[in-house]
Amino acid sequence: MAMSADLQDAYNDQITLEFASSYAYLQMAAFFEDANLPGFANWMRQQAEEERAHAMKFFDFVLDRGNQVELRSISAPSADYTSPLSVFEASLAHEQKVTASIHDLYSRATDAKDYESLPLLHWFIDEQVEEEATVGELIEQIAMAGDNGAALLLLDRELGTRVSGGE
Ligand code: MG
């Protein structure tokens, strides 16, 4: 059964937000490439892929429901980063915004008694807990490294091993 027009609108906003996340992480990847931290850049590239996969998960769900996908405009992501820490702080703020948006989608779906939405949105609620925990941990580790270049390079080496964004 197709979802309501209102809910369809909210899903289309969410698809766009996930693509905007992918775009923002690509900008962050460029910052790290420029800063000669290829491991951090790799992590951000994988993250960008993961966000694209999130967008496509919502995209396919809307189509499977017999609704219409309407992609929106994406604004340019912020690029005024000053340090690795500032990038990850921006990343955490962004993920918190995504979490709030998914919670809002969940409220709309339950209000509309759109039960088909719930398994998908539960998956995303879990995913956001993981995203925020991962980024929060990296913020702590980057802060610990501080001005110690060797510690930062060690972390860069570790983040360079991330091979797939998965989901
Ligand atoms: Mg996402």
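Residues numbered from 1 in each chain as written. Predicted model: local features only at pLDDT ≥ 70, side-chain atom pairs only at ≥ 80, totals over all residues. Heavy atoms only, no water.

Participant: Can you walk me through the coordination of the magnesium ion in this structure?
Facilitator: When a metal holds four donors in a tetrahedron, each ideal angle between them is 109.5 degrees; when it holds six in an octahedron, the ideal angles are 90 or 180 degrees. The protein atoms that coordinate the magnesium ion are Glu 18 (OE), Glu 51 (OE) and His 54 (ND1), at distances of 2.1 to 2.2 Å. Within one chain, the residues serving as donors to the magnesium ion are arranged as E-x32-E-x2-H. Of this pair, Glu 51 and His 54 both sit in helix 2 (residues 38-64), three residues apart, which is roughly one turn of that helix. (Donors = N, O, S within 2.8 Å, 3.2 Å for Na, K, Ca; no water. Helix = DSSP H or I, 4+ residues; strand = E, 2+ residues; numbered from the N terminus.)

Participant: Help me understand the pattern of salt bridges, please; the structure alone is not making it clear to me.
Facilitator: Close approach of charged atoms lets side chains of opposite charge pair. Inspection of the entire model under this criterion finds eight salt bridges. The shortest N-O distance in the salt bridge between Arg 72 and Asp 9 comes to 3.4 Å. Highlighted residues: Arg 72 in the loop between helix 2 and helix 3 (84-111) and Asp 9 in helix 1 (residues 5-34), separated in sequence by 63 residues. Note on Asp 9: relative accessible area 37%, which makes it partly exposed. Ionic pairing is found between Arg 72 and Asp 13, a salt bridge with its closest N-O pair at 2.9 Å. Taken together, the residues Arg 72 in the loop between helix 2 and helix 3 and Asp 13 in helix 1 connect sequence positions 59 residues apart. By relative accessible area, which is 31% here, Arg 72 ends up partly exposed. For Asp 13, a relative accessible area of 43% translates into the label partly exposed. (Salt bridge = Lys/Arg side-chain N within 4 Å of Asp/Glu carboxyl O. Buried < 20%, exposed > 50% of the residue type's maximum accessible area, 1.4 Å probe, protein only.)

Participant: Any chance you could explain the packing of aromatic side chains here in plain terms?
Facilitator: For any two aromatic rings, the description comes down to two numbers: the centre-to-centre distance and the angle of the planes. Within the structure shown, the criterion is met by ten aromatic pairs. Taking the centre distance of 6.0 Å and the plane angle of 80° together, the rings of Phe 31 and Tyr 81 count as edge-to-face. Here Phe 31, found in helix 1, pairs with Tyr 81, found in the loop between helix 2 and helix 3; they are 50 residues apart in sequence, far enough to count as distant. The residues Phe 31 and Tyr 81 share a single accessibility class, namely buried. (Phe/Tyr/Trp six-rings, centres within 6.5 Å; stacked < 30°, edge-to-face > 60°.)

Participant: Help me out: how do you make sense of the packing of helix 1 against helix 2 in this one?
Facilitator: When two helices pack together, their arrangement is given by the angle between their axes and by how far apart the axes lie. Closest axis-to-axis distance for the helix 1/helix 2 pair is 8 Å, and the angle between their directions is 170°. Judged by the angle between their axes, helix 1 and helix 2 are roughly antiparallel. Taken together, the residues of the contact of helix 1 with helix 2 sort by class into 18 nonpolar, five polar and five charged. (Axes fitted to C-alpha atoms, helices over the stretch in contact; angles between N-to-C directions. Parallel < 35°, antiparallel > 145°, perpendicular 65-115°, else oblique. Nonpolar A, V, L, I, M, F, W, Y, C, P; charged D, E, K, R; others polar.)

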